[in-house]
Amino acid sequence: MGKLTQAHIRAALTKPGRHHDGDGLILAVRESGQASWVARVQHDGARREFGLGSLRAVTLGAAREKAALVKAALVAGRDPHLALMPPKELTRTFREAALGFLEAKAADAKISDAKRRQQLSQLKTYAFPALGKLQVQSIDADAIAACLRPIWTRKPETGRKVRSLIIRTLRFARPDGALFSGTLGPAIADRLPAQPKRGNFEAMPYSDLPAFMARLADKGGMGALALRALILTAARSGEVRGAMWGEVDLDAAVWTVPAERMKARRAHRVPLSPPAIALFREAASIRRAGTDLIFPAASGKTLSDMTLTKALRDMHSPCTVHGFRSTFRDWTAEQTSLPGEIAEAALAHTVPNAVEAAYRRTDFFDKRRELMDAWAKFAVSAEGEDRKIVPIRR
């Protein structure tokens, strides 16, 4: 079989299939007419293929040169992907690659600005000091494990997030990233101790909540105010901290959290109880100019999650901010006669059964209003004397 010529290539574009140039170089033509170069190499008894680029971007001569580089690298025991990389890519540092990765993901609507800032902060704090100046091609499981070891058991959740960001950055930056990242996770795990077992978020017993809320109401600061709002609405921390005045209709007693700030990426209507409305009016009385946030930080930006946690710690409470959702769920189960799906809807949990989810068309808003009114009445009662609500009306 002879070598390919430009005439052969033009003819091949009308004939989907594989057209051989010799020495393992193949022009692969798809039904769509698109074509790309492939180097097929036999090495150590195994056949491997390496993509060399599209016909539009790589000439016949350049494809032959790339195929020769792949063969030479394999014979020399080197990574063929490195032989195909431009010199600049070979010297790119982890810091440069990570910033490029975050920039490439900037257009992803599913990632909030706050999440992007958090990812950059985690990289700067925990990854860049150890890995930032290293070339991406030199980073292996040992280097990553050494980077993560100081926080792996002390801050397990942060450690897992940083590990994910490191692996995703390398997958993005390295030409062999997809294959490399598949073995990297297990290799890192082999080099690190087991993390503490994750349990449920520490939750406050609901019987302790009224007294806690009374103490919290006497505590000043935006963190305490936001924490009270979180408890009264059973919302997630990010939903409360990112709440905007344009989302709240105090006359209709509804707070509508937009889809982009919801975990399930669906808008969620929260019925506001009278105590919740009073709290939002309290926030309005100290509204800060220059921001539409309901619970802004002193800088006018979004409160950090640690601000709410600090409010808890200042009151010597061992529970977590997220644990108040469990407190709400336990109270609903034990102190009301409402069906479980009403409480799940109030927590904005998705329906796990796909068939049930397809047929459910209601968000139980009116029933949730009854539930949230009762929850707030209990939470702000002096000793929680009004604990039960009447059975749901049929």
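Residues numbered from 1 in each chain as written. Predicted model: local features only at pLDDT ≥ 70, side-chain atom pairs only at ≥ 80, totals over all residues. Heavy atoms only, no water.

> I keep staring at the overall build of the protein chain and nothing clicks. Help me out?
A count of helical and extended segments in the protein chain gives 18 helices and 7 strands. Counting all 394 residues of the protein chain, 43% fall into the buried class. Long-range contacts, defined here as pairs at least 24 residues apart, represent 57% of the contacts in the protein chain between residues at least 6 apart. When the accessible surface of the protein chain is totalled, it reaches about 21100 Å², and 53% of it is carbon and sulfur. (Helix = DSSP H or I, 4+ residues; strand = E, 2+ residues; numbered from the N terminus. Buried < 20%, exposed > 50% of the residue type's maximum accessible area, 1.4 Å probe, protein only. Contact = heavy atoms within 4.5 Å. Areas by Shrake-Rupley, 256 points an atom, 1.4 Å probe, with all protein chains shown as cover.)

> How do you make sense of the packing of helix 5 (residues 94–104) against helix 8 (residues 156–173) when you look at a structure like this?
For the pair helix 5 and helix 8, interaxial distance at closest approach is 9 Å and the crossing angle is 90°. Considered as vectors, helix 5 and helix 8 are oriented roughly perpendicular to each other. Contact with helix 5, carried on its side by F94, A97, A98, G100, F101 and A104, involves L165, I166, R168, T169, L170, F172 and A173 of helix 8 and no other residues of that element. Its residues assigned to classes, the contact of helix 5 with helix 8 shows 10 nonpolar, 2 polar and 1 charged. (Axes fitted to C-alpha atoms, helices over the stretch in contact; angles between N-to-C directions. Parallel < 35°, antiparallel > 145°, perpendicular 65-115°, else oblique. Nonpolar A, V, L, I, M, F, W, Y, C, P; charged D, E, K, R; others polar.)

> Got a minute to help me understand the packing of aromatic side chains in this structure?
The relative placement of two aromatic rings is captured by the distance of their centres and the angle of their planes. Tallied over the full model, the rule gives 10 aromatic pairs. Geometrically, the ring pair formed by W375 and F378 is tilted, given 6.1 Å between the ring centres and 35° between the ring planes. One end of the pair, W375, and the other, F378, are both in helix 18 (residues 365–379), 3 residues apart, so they sit about a helical turn from each other. F378 carries the same exposure label as W375, and that label is buried. We note R269 situated over the ring of F365; from NZ or CZ to the ring centre the distance is 4.1 Å. (Phe/Tyr/Trp six-rings, centres within 6.5 Å; stacked < 30°, edge-to-face > 60°. Lys NZ or Arg CZ within 6 Å of the ring centre and 35° of its normal.)

> Got a minute to help me understand the sheet that holds strand 5 (residues 248–249) in this structure?
In a beta sheet, neighbouring strands pair by backbone hydrogen bonds and run either parallel or antiparallel. Read across the open sheet, the 3 strands follow the order 5-6-7; overall the sheet is antiparallel. Two strands bound the open sheet, and with one partner strand each, they are strand 5 and strand 7 (268–271). Against the sheet, helix 18 makes contact with strand 6 (254–257) and strand 7, and its axis sits at roughly 40° relative to strand 7, the strand it touches most. (Pairing = 2+ DSSP bridges.)

> What is the right way to read the pattern of salt bridges from this model?
Oppositely charged side chains may form a pair once their charged atoms are brought near each other. Inspection of every chain in the model, using the stated rule, returns 13 salt bridges. A salt bridge links R160 to E157, with the nearest nitrogen and oxygen atoms 2.5 Å apart. Placement of both R160 and E157 in helix 8 is noted, with a separation of 3 residues, approximately one turn of the helix. On the basis of relative accessible area, E157 is assigned to the partly exposed category, the value being 38%. Across the pair E282 and R228 runs a salt bridge whose closest N-O atoms are separated by 3.5 Å. (Salt bridge = Lys/Arg side-chain N within 4 Å of Asp/Glu carboxyl O.)

> What's the story with the pairing of strand 3 (residues 35–43) in this structure? I'm lost.
Bridge count between strand 2 (residues 25–29) and strand 3: 5 bridges; the pairing is antiparallel. Pairing of L25 across the sheet is with A39, part of strand 3. Between strand 2 and strand 3, which pair antiparallel one after the other, the connecting turn spans 5 residues, and G33 there sits at a positive phi close to 95°. Taken together, the 8 bridges between strand 3 and strand 4 (residues 46–54) define a ladder with antiparallel strand orientation. Within strand 4, the position partnered with V38 by the bridge is G51.

> Got a minute to help me understand empty space enclosed by the protein in this structure?
Taking a probe equal in size to a water molecule and rolling it over the atoms shows the remaining empty space. Counted by the stated rule, this structure contains 1 cavity of 30 Å³ or more. Approximately 40 Å³ is the volume found for the largest cavity. Lining the largest cavity, in full, are T233, A234, A235, E239, V257, M262, H268, V270, R325, A346, L347 and A348. (1 Å grid on protein atoms, 1.4 Å probe; cavity = no way out; pocket = protein on both sides within 12 Å on 5 of 7 lines; lining within 4 Å. Points joined across faces, edges and corners; volume = space filled by probe spheres on them.)

> Mind showing me how you'd approach the pairing of strand 1 (residues 17–22) here?
Within a regular strand, the side chains alternate between the two sheet faces. As paired strands, strand 1 and strand 2 are joined by 5 bridges and run antiparallel to one another. For R18, the partnering residue across the bridge sits in strand 2 and is A28. Count of turn residues in the strand 1/strand 2 antiparallel hairpin: 2 residues, of which D23 carries a positive phi of about 55°.

> Where do I start with helix 8 in this structure?
Note on helix geometry: an α-helix contains 3.6 residues per turn, so any two residues three or four positions apart are oriented the same way. Between the first and last C-alpha of helix 8 there are 26 Å, a value that for 18 residues agrees with the 26 Å anticipated at 1.5 Å per step. Buried within helix 8 are the following residues: T158, G159, R160, V162, L165, I166, I167, T169, L170 and A173. (Expected span 1.5 Å × (residues − 1).)

> Please explain unusual backbone geometry as it appears in this structure.
Look at D23: it is not a glycine, yet its phi comes out positive at around 55°. Along the chain, the position of D23 falls in the loop between strand 1 and strand 2. Residue D23 is classed as exposed on the basis of its relative accessible area of 56%. Although it is not a glycine, A234 sits at a positive phi angle of roughly 55°. Within the secondary structure, A234 is located in the loop between helix 11 (222–233) and helix 12 (237–241).

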